[in-house]
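Spelled out, the chains give:
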Amino acid sequence: MDKVKLIGINWDKKSSFLQGTAHAPDAIRKVFHNGASNYHAEDGTYVGPDVITDLGNIICNDYIQIYSEFLDILKSNGSKIVTLGGDHSITYPVVKALSNVYGGFHMLHIDAHADLYHEFEGDRHSHACPMARIMEEGLVLTMTQIGIRTLNDHQKDQAKKYNVNIIEMKDWYKQKPKLQGPLYITLDMDAFDPGFVPGVSHHEPGGFSPRQVIQLIQDIDVPVLGADIVEYNPSRDIHDMTAALSAKLFKEIASKIIS
Ligand SMILES: [Mn+2]
């Protein structure tokens, strides 16, 4: 059985509102290993230390370094990597490296925000921009976004320009995504309703329940190449609730990657 690799990216310099997501990787690891839950996904797949190779945290001073560090790891360890962010800006360098080595995959983006700004507050590498960078460079075959509930005219124009398939949260009840593989998943924890997930920088009411996203991941029937789980902010969390959900989603995604 191929192992899943885990990498932490301690990076929050591109957060526009609050910092703190740099501390997420170790906070999620702590809950993953604290014994409150076992090491099995809901389908019974064991996803504990025997099948997870924890490669530690990578050094990051800017997105170029994240790209080169991640590229080196990919070349020596293969895909099947789940990264724990970090703010959402990390997804551009990670996907760029993946595309460099494993070109030709699709992307599922789960988020309250489309993150499609051409630039945000003068920064093209803000955590509000990674999907614009990915699409303008053609790094993925298709991008499907779900959970989105903050679209403005600029982001609607960007989605149209780059042919991004957005299923807005308001339409979730009548439309489900049709996914193609191989699939890369980027999961922003603020996709969830802040009532379930206090530990994120941007509280955007009206989001997913944990059950909805867990079910969605379990229903994916195409190969999953890798994933990132981003935007968990421990400084906003209550009793590690959001860390616990992040760790649970890591298990569900790891099970999907292994199977
Ligand atoms: Mn995001």
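1. A short note on the nonpolar core
Counting residues in each nonpolar core, the largest one holds 77 residues, and the members touching the most others are Ile28 and Ile253. Counting residues per element, this core draws most heavily on helix H7 (residues 241-258), which supplies 8 residues. Not counting chain neighbours up to four residues away, the residues in contact with Ile28 comprise Leu84, Tyr232, Ala243, Ser246, Ala247 and Phe250.

2. As for the sheet that holds strand E4 (residues 106-110)
If you walk across this open sheet you meet the 8 strands as E2-E1-E3-E8-E7-E4-E5-E6, and the pairing is parallel. Each edge of the open sheet is held by one strand with a lone partner, namely strand E2 (52-58) and strand E6 (165-168). Each strand axis lies, on average, 15° off the axis of its neighbour in the sheet, ignoring direction. Of the pairings in the sheet, the one linking E4 to strand E7 (residues 183-188) comprises 5 bridges and is parallel in character. Bridged to Leu108 within E7 is Ile185.

3. Some remarks on helix H1 (residues 24-32)
Among the 9 residues of H1, 7 are classified as buried, and the element is accordingly described as predominantly covered. Listing the buried residues of H1 in full gives Ala24, Pro25, Ala27, Ile28, Arg29, Val31 and Phe32.

4. As for the pairing of E4
Within E4, 4 of the 5 residues are buried, which leaves it mostly tucked inside the rest of the structure. When E4 meets strand E5 (residues 143-148), the two strands line up parallel, connected through 4 bridges. When the sheet's bridge partners are listed, Leu108 is paired in E5 with Thr144. In this fold, E4 hands off to helix H4 (residues 130-136), which returns the chain to E5; that crossover is right-handed.

5. Here's the deal with the packing of H1 against H7
One can describe the packing of H1 onto H7 by two numbers: an axis separation of 8 Å at closest approach and a directional angle of 75°. In this view, H1 runs roughly perpendicular relative to H7, as classed from their interaxial angle. Residue-level contacts link Ala27, Ile28, Val31 and Phe32 of H1 to Ala243, Ala244, Ser246, Ala247 and Phe250 of H7. Each residue belonging to the contact of H1 with H7 can be placed in one class, and the counts come to 8 nonpolar, 1 polar and no charged.

6. Quick look at the environment of Asn57
Along the chain, Asn57 turns up in strand E2. Residue classification places Asn57 among the partly exposed residues on the basis of 19 C-beta atoms within 10 Å. For the pair Asn57 and Thr83, spaced 26 residues apart in sequence, the C-alpha separation works out to 9.2 Å.

Analysis parameters
- Residues numbered from 1 in each chain as written.
- Predicted model: local features only at pLDDT ≥ 70, side-chain atom pairs only at ≥ 80, totals over all residues.
- Core = buried A, V, L, I, M, F, W, Y, C linked by C-beta atoms within 7 Å.
- Buried ≥ 20, exposed ≤ 12 C-beta atoms within 10 Å, placed from the backbone.
- Helix = DSSP H or I, 4+ residues; strand = E, 2+ residues; numbered from the N terminus.
- Contact = placed C-beta atoms within 7 Å.
- Pairing = 2+ DSSP bridges.
- Axes fitted to C-alpha atoms, helices over the stretch in contact; angles between N-to-C directions.
- Right-handed = clockwise from strand over helix to strand, strands pointing away.
- Parallel < 35°, antiparallel > 145°, perpendicular 65-115°, else oblique.
- Nonpolar A, V, L, I, M, F, W, Y, C, P; charged D, E, K, R; others polar.

Without other data, these values stay purely geometric and don't point to any function.
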